[in-house]
Amino acid sequence: MAIPKYDEMYRLFLDCLADMQIHKSKEVKDEVAKKSCVTEAERREMLPSGRQAIFDNRIGWTRTYLKKAGLIESPSRGAYLLTDAGKHVLIENPTAIDNHYLERFDTFRVFIGTTGPVEAPPTEPPHSGQSPQDIFDGAYQQINAALADDLLAEVMKQSPAFFEHLVVKLLEQMGYGGSLEGTGNVVGQSGDEGIDGIIREDKLGFSLIYIQAKRWDFDKTIGRPEIQKFVGALAGQGASKGLFITTAQFTKEACAYANKQHTTKVVLVDGQMLAKLMIEYNLGVSTEAVYEIKRMDTDFFNDDLD
C-alpha cells in the first residue's frame, strides 16, 4: 500500500489520541503506520533530498495542521495530547476530516491565509488561477510559518538563562560585534537594573547595545510601563541604544513610546520577528533541502554567431 498523504492521516492521528492521554511521537507514528498498512520498507523510503523519510515528513505535516486547527497540543517535546476541540471532532465523527473540514477552525484559517466563514467546498481545482511560482512561494511561506511556530514552542521549553544566551548568540550571528572574541555577554541574574545582556555594535566596541530579554507566553503582551522601565535602565547605564526582545507581543502603546525616544534608540523585537530572524540567520535550524529555480537565458539564444 502506498504511503498516505499527510491529509489522509488526520483521523488516524486523532484516533491514536482518543484516550485523552499523552502519547510520544514514536508511539503515534508506529500506530498510524500500522493502521494505514505502511510497511517497514515504505517507512524507510526517503525524500529526494535524502534527509528525511517520506512517511516521517508527511506525518509531521499531519501533526502541524492538526495543531494549527487546535485539535492537538504538545505539552512537552515529542509528546502529543488531544484537545477538547479534537475530542469533539471524534465525537462528531464527520464523514471526512480533510483540509476543508479544518477550515472551520479560526486558527487554521489564519495559518493558511484565508478569512471569513467556510462555505460549500470549492468547485475549482485547489490552485486554480495560481502560477507554479505562486504555488511554490505559498508553500515556502507556509513551511517557514510552521517552522517559526515550532522554534518559539521549543524556546518556551528552555530556561530564561538559555533565552538570554540565545538572544546574544543571534545578534552575533547577525554580525554585531564583528569577529572578535568576547563581543557579547549575558548579564543575567547578576542583574543590572533590567539589563540582561550587552553586545558590541562594532568590532572595536565604540558603541554598545544593551539588551533586555523576556521569555513570556506567546499570548502575553508587553505594555508601555515595561518599555519605560527599560529606557530608565538604559539611562542608568549611560547607554544610547537598547534592544528589547521577547517571545510575546508588544502593545501599540509600547511601540509608540519606543518610537518617540530620541536620545536613546530602542528597538523592539517580538516573538514573530525573533523566529524569522532565527530562520534567516540559521540559529537553531538546519537546511533540509535546497531548490534551484532556473529560467531560460534569452541572451544565449539572441547572440549573433559571426
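Further up the page is the structure itself.
All of these numbers come straight from a predicted model, not from anything done at the bench.

Participant: Just checking my understanding: could you explain empty space enclosed by the protein for this structure?
Facilitator: One simple way to see leftover space: roll a probe sized like a water molecule over the atoms. What the rule picks out here adds up to 1 cavity of 30 Å³ or more. The space that makes up the largest cavity amounts to roughly 30 Å³. Forming the walls of the largest cavity are Phe-13, Ser-25, Val-28, Lys-29, Ile-59, Arg-63 and Tyr-80. Counting residues per element, the ones that place at least two in the lining of the largest cavity are helix 2 (25-35) and helix 4 (54-68). Partitioning the lining of the largest cavity into residue classes produces 4 nonpolar, 1 polar and 2 charged.

Participant: What's the story with the packing of aromatic side chains in this structure? I'm lost.
Facilitator: How two aromatic rings sit relative to each other is set out by the distance from centre to centre and by the angle between their planes. For the coordinates displayed, the defined rule picks out 11 aromatic pairs. Measuring from centroid to centroid gives 6.3 Å for Phe-136 and Tyr-291, while their planes differ by 85°, and the two rings are edge-to-face. With Phe-136 in helix 8 (residues 132-156) and Tyr-291 in the loop between helix 12 (271-280) and helix 13 (298-302), this pair connects stretches of sequence that are 155 residues apart. An aromatic cluster is present here, built from Tyr-6, Tyr-10, Trp-61, Tyr-65, Phe-108 and Phe-111 joined pairwise through their rings.

Participant: Would you take a moment to explain the nonpolar core for this structure?
Facilitator: Nonpolar side chains tend toward joint burial in soluble globular proteins. Of all hydrophobic cores here, the largest spans 32 residues; its most connected members are Leu-14 and Leu-102. Secondary-structure elements contributing two or more residues to this core are helix 1 (10-16), helix 2, helix 4, strand 3 (79-82), helix 5 (84-92), helix 6 (99-102) and helix 7 (106-112). Residues in contact with Leu-14, not counting those within four places in the same chain, are Leu-66, Leu-71, Ile-72, Leu-82, Val-89, Leu-90 and Ile-97. Core analysis: the second largest hydrophobic core is formed by 23 residues, Ile-209, Leu-243, Leu-274 and Leu-277 among them.

Participant: Would you mind going over the sheet that holds strand 3 with me for this structure?
Facilitator: Taken together, 3 strands build an open sheet; the order of strands is 1-3-2 and the sheet is antiparallel. Only two strands of the sheet have a single partner each, and these edge strands are strand 1 (23-24) and strand 2 (72-76). Bridging between strand 2 and strand 3 involves 3 bridges; their strand directions are antiparallel. By the bridge assignment, Glu-73 is partnered in strand 3 with Leu-81.

Participant: Can you help me understand the packing of helix 10 (residues 224-237) against helix 11 (residues 252-260) in this one?
Facilitator: When two helices pack together, their arrangement is given by the angle between their axes and by how far apart the axes lie. Taken N-terminus to C-terminus, the directions of helix 10 and helix 11 make an angle of 30°; their axes are 8 Å apart at the nearest point. Here helix 10 is positioned roughly parallel relative to helix 11, judged by the angle of their axes. Mapping the contact onto sequence places Arg-224, Ile-227, Gln-228 and Val-231 in helix 10 and Glu-253, Ala-254, Tyr-257, Ala-258 and Lys-260 in helix 11. In terms of residue class, the contact of helix 10 with helix 11 is made up of 5 nonpolar, 1 polar and 3 charged.

Participant: Would you take a moment to explain the pattern of salt bridges for this structure?
Facilitator: Opposite charge on two side chains permits them to pair, given that their charged atoms come into close proximity. Tallied over the entire structure, the rule returns 9 salt bridges. A salt bridge links Arg-43 to Asp-30, with the nearest nitrogen and oxygen atoms 2.9 Å apart. Of this pair, Arg-43 sits in helix 3 (residues 40-43) while Asp-30 sits in helix 2, and the two are 13 residues apart along the sequence. Salt bridges linked by common partners bring Lys-26, Asp-30 and Arg-43 together as one network.

Participant: Honestly, the environment of Met-20 in this entry has me stumped. Any pointers?
Facilitator: Within the fold, Met-20 resides in the loop between helix 1 and strand 1. Residue classification places Met-20 among the partly exposed positions, given a relative accessible area of 27%. Each C-alpha atom of the pair Met-20 and Gly-86 lies 9.6 Å from the other, and the pair is 66 residues apart in sequence. Setting aside chain neighbours within four positions, we find Met-20 in contact with Leu-81, Leu-82, Thr-83, Asp-84 and Lys-87.

What counts and what doesn't
Residues numbered from 1 in each chain as written. Predicted model: local features only at pLDDT ≥ 70, side-chain atom pairs only at ≥ 80, totals over all residues. Heavy atoms only, no water. 1 Å grid on protein atoms, 1.4 Å probe; cavity = no way out; pocket = protein on both sides within 12 Å on 5 of 7 lines; lining within 4 Å. Points joined across faces, edges and corners; volume = space filled by probe spheres on them. Helix = DSSP H or I, 4+ residues; strand = E, 2+ residues; numbered from the N terminus. Nonpolar A, V, L, I, M, F, W, Y, C, P; charged D, E, K, R; others polar. Phe/Tyr/Trp six-rings, centres within 6.5 Å; stacked < 30°, edge-to-face > 60°. Core = buried A, V, L, I, M, F, W, Y, C linked by side-chain atoms within 4.5 Å. Buried < 20%, exposed > 50% of the residue type's maximum accessible area, 1.4 Å probe, protein only. Contact = heavy atoms within 4.5 Å. Pairing = 2+ DSSP bridges. Axes fitted to C-alpha atoms, helices over the stretch in contact; angles between N-to-C directions. Parallel < 35°, antiparallel > 145°, perpendicular 65-115°, else oblique. Salt bridge = Lys/Arg side-chain N within 4 Å of Asp/Glu carboxyl O.

None of this, on its own, says anything about what the molecule does.
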